[in-house]
Every structure is written in C-alpha cells, then in structure tokens.
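Now for the letters of each chain:
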Amino acid sequence: MKPTLQLRLGQHLTMTPQLQQAIKLLQLSTLDLKQEIQDALESNLMLETEEERAAVEGAEKPDNAANETASDAPGNDINNEQEIRIESQDMPDELPVDTAWEELYDSAPGVGATASSAGDSSDYLAQQSSSESLQDYLTWQMQLSHLNPLDQQIAEAIIDSIDDDGYLHTSIEDIVAAIDDPEVEAEEVEAVLHRIQAFDPPGVAARDPRESLLIQARQLGNEFDSRELVIEILGKHFDLLANGDQAALKRKLKISDEELAEAASLIRSLNPHPGTAIPGAPPSYIEPDVFVSKVNGKWVVELNPEAAPRLRVNATYANMIRRADNSSDNVTMKNHLQEARWFIKSLRSRNETLLKVARAIVDVQQNFFEYGEEAMKPLVLRDIAEAVEMHESTISRVTTQKYMHTPRGTLEFKYFFSSHVGTTGGGEASATAIRALIKKLIAAEKPNKPLSDNKIATILAEQGIKVARRTVAKYRESMNIPPSNERKRLA
C-alpha cells in the first residue's frame, strides 16, 4: 500500500493530573482523606501542617529569648562557668528514689528485663485487643472439653459449618462426607453435635429456629414456672405458635389465657439468633465531615476542623529554590513545590464543594431537622446539582461516604435523597417520610391484631398519600419488618 497523509478532526476529553487529583480527593471519605494527606506529607518535603509550623516556631522563640538575655547580662560568662562547675561536682549521676519503675508501670514485652532477649522487635500494635469470632469462641470451648482426636476432628468440621447467626445449615451426611473417614458415622457426628449445642451461647449449632429456642428453654433454670410449658410448646406445637393460633394452643394444652401469655412472654425473651451474642468484627467509626446546628433560629453548616489537617507550603524549603539553577536537586524541589500547591488547591476545592452541597441539602430539608423523618421532602441529585450549578456526577461523588453530624444523629449525605410518590393534593411525598409513617403505624398497632399491608395503604390514602399495597410491602421489607401474620403476638 502507498503511504498517504490524511487530516482528521475529532474530539476527546483529556484529564490533566491536577484534575484527576481533584476528583480523587473529592470522592474520598474522611478516613481515606486523612491517609492520603499523611502519604502526601511523607512523600513531599514542601508540605507541612500548620500545627507543625506553630510547634517549631514556639520551640524556637524561648531558646532565642533565653540566649539573648544571657548574652546581654554583664559577667554572666564567669557566673555560668562557676555554676556549671559546682553542679557537676554536687549532682550525682543517678538520684535516689523510693520506688522502682516496675511498681508504677507494668512492663511490656521487650521492656526492662526482657529487652535484651526481645531486642527492638516489640510491636505495640500487636498488643491491642483483637476481636474474637464465634468460631474462635466455640473452638476455645471445644479445646476445654477434652475430646478424643476423632471427636475433635468432627467438632472442628461442625464449628466450621456454623454461620454468623449460630445456625448449622449443613446436614449430618455432608459433614460425614467432608471428614472422609471410614470410622466416622452419622450417629457419632450427632453425638458430638449435641455436645457443641451445650456450649455458650445458648442455642448455638441448632439446625433451625425451633431447635435453637428449644435448646435455650431446656437450659433455663427451675425458677421459671412456665419452663416445662414452653418446652412442650416448642417441641410439639411450634407450628401453632408460629401461626399465632391461640385457640388451638389453649385447646391442645388445656391452659388458660394467663398461662399462655406467660409462656409466650418467656419465649419472646429467648434469642432467635444466638450467634449475635458474640461480637464479631470491631465496629467501624465514622467521623463527620460537617456539623449542622441551629444558631439564632437558623440552621448553620460548618466544616469539621478535625476532619483534615490544614496544610501549607514549607517556607524554609521554598526559599532554597534557585530560579536559574537546573541541577537535579533544584528541579526536584521545584516539582515538589508545584505538587504541593496543586494538592493544597485541590484540598481547598474539595472543602468548598463539600460545604456548598451540604448547605444546599440543609436548605431543602429544613423541615426534617425541625420535625423528623415524617417531614422529609423528596430530593434527587439533579435538584442539588441545579442549586449549586454543578454536574450530577460531581454531586454523586460528594455525597458518597460523606457524613454530617446533626441534632438527629450522624447521617450520610445520601440519606437525604429519596424518590417520591404522588399525593391527592397534587404534591409529592418522600419515600423516607412514607417509611417513617409505616413504621409509626406498625409500632402503634395491637399485638394480637396487626395491620396488613392493604390496611396500611388504606390509612395512608386517607392521609392523602397515594401508595399501592405492593409499595407498602416493599418499604416494610426494606425496614426488616415482618408481615402481619408473623407480627401477630399473643395478648
């Protein structure tokens, strides 16, 4: 083929490194932003925090003032030499004390007598308490049970199959197949399972909720008068209890309403999720990006000053740069200076955008801060984007993993955005407000006569909110509220 020259026109988006950095900082959470700032401080010699500069300047001033005072006083040189000579003669190397270090402070690994053996390899972060999982807790109890090697192998297979709620969803046959030992039979696995079911927390290693509640009931003390009745209900009439058939229970057990109510109360005190009694992973802490408070009758939004340290360019290193010098050291310092300025600019832009979006959200949702969830207004990203004159993608980045501390709790920015449904008056109602109304109606219902989804939809329609029964069911399920037949309780 013959080579030819062609002219083509096209458009494409080019993102500069500065723009990429600004977008990256904008979508970081507070904890991630702190780590990013710390990495920048360690890698860029031109960056420093204002707290560090203030500490350095504060430490230099007293020393300079003391030196100036000492140099101005006549005859201080001779006096100082005499004082130093006297102190060196009278001051011993070690002063006597009436207590030992070990009496005041506990010795840690690598400190004191063990320092020579441990050296400098002590890791203080490793001394922090670590969370214990449910499997670890059960394994610890298994090791105290003095099982023979085969039973211990079976117990380990059973414990590994228990989920976070404390239930064993693996069948006995699957456990036998997983062990792959011809000496292991189903009866032996069943026997080991019964031993594990006696471990703490009560009800662990059960195969269904009925078995879990029954194990807990059998472990109750004799001080509970309805203990035997509860065991009989859970063992023989669990289906009637689940369906809330009070008449059939009273007829089969030949008990009164008071006895049935007392037994039902004891059953409700049991834990249907025994695994949750053991805390799992440590909680993740949230640091708010902004604070919302009411000052002089107005809602004010302020940035959290502790969310990110205030950065500045190190003036000492910046003054060392020589304009006409092209040496490698000078070029490196120039690059660090440019990167430091862009980083500070991107950080300032992030804070301004975050504050602008937070103020726009608070302006729209003032009724929520005044009256609660039921007064929440419908809001979408486009509304805030038009209010602050930014793109929706920018608003999406700002509202992700960003939190505001309010009088009603620490809430994520995205919490204030929700869809809407129409009202009979021609207006709109927020989905968050509808959920709050549904939750309020269910909380006020009679335990023995709960409200159905259709009845809730009818009540909302009487209040002017047009919502279908399936929409009520969807909102109810999103709040982890069971249906009416499962909410029915004995009076």
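It should be emphasised that the depicted structure is a prediction, and the values quoted were computed from it without experimental measurement. (Residues numbered from 1 in each chain as written. Predicted model: local features only at pLDDT ≥ 70, side-chain atom pairs only at ≥ 80, totals over all residues. Heavy atoms only, no water.)

### Description of the overall build of the protein chain
Argument step 1. Scanning the protein chain for helices and strands turns up 24 helices and eight strands.
Argument step 2. Sequence separation of at least 24 residues holds for 63% of the intrachain contacts in the protein chain that already meet a minimum separation of 6.
Argument step 3. Looking at the protein chain as shown, the accessible area adds up to about 31,700 Å², and 50% of this sits on carbon and sulfur atoms. (Helix = DSSP H or I, 4+ residues; strand = E, 2+ residues; numbered from the N terminus. Contact = heavy atoms within 4.5 Å. Areas by Shrake-Rupley, 256 points an atom, 1.4 Å probe, with all protein chains shown as cover.)

### A few points about the confidence of the model for the protein chain
Argument step 1. Looking at the protein chain as a whole, its pLDDT mean stands at 80, while 80% of the residues score no less than 70.
Argument step 2. Ignoring residues within four places in sequence, the model shows residues 65-92, a span with pLDDT below 50, making two contacts including any to other chains. (pLDDT = per-residue confidence, 0-100.)

### Section: the packing of helix α8 (residues 149-160) against helix α10 (residues 186-196)
Packed helix pairs are characterised by how far apart their axes lie and by the angle those axes make with each other.
Argument step 1. Following both chains from N to C, one finds α8 and α10 inclined at 70°, their axes separated by 9 Å at the closest point. One way to sum up the angle between α8 and α10 is to call them roughly perpendicular. For α8 against α10, the interelement crossing comes out right-handed. Along the contact surface, α8 presents L150, D151, I154, A155, I158 and I159, while α10 presents E188, V189, V192, L193 and I196. (Axes fitted to C-alpha atoms, helices over the stretch in contact; angles between N-to-C directions. Parallel < 35°, antiparallel > 145°, perpendicular 65-115°, else oblique. Left-handed = near helix turned anticlockwise from the far one by under 90°.)

### What about unusual backbone geometry?
Argument step 1. The step from D200 to P201 runs through a cis peptide bond, and the omega angle for that step is 5°.
Argument step 2. Checked against the element boundaries, P201 lands in the loop between α10 and α11 (209-218).
Argument step 3. Unlike most non-glycine residues, N296 shows phi in positive territory, near 55°.
Argument step 4. Following the sequence through the fold, N296 ends up in the loop between β2 (290-295) and β3 (298-303).
Argument step 5. Positive phi values are uncommon outside glycine, yet Q401 reaches one of about 60°.
Argument step 6. As for its placement among the helices and strands, Q401 is situated in the loop between α20 (392-399) and β5 (403-406).

### Side note on helix α19 (residues 381-388)
Argument step 1. Turning to α19, its buried residues are I384, A385 and V388. Looking straight down α19, one finds its buried side chains confined to an arc of 105°; they lie on one side. For α19, the exposed residues lying more than 90 degrees away from the buried face are E386 and A387.
Argument step 2. Where α19 is buried, its residues touch α17 (328-364) and α20. (Buried < 20%, exposed > 50% of the residue type's maximum accessible area, 1.4 Å probe, protein only. Arc of directions from axis to C-beta.)

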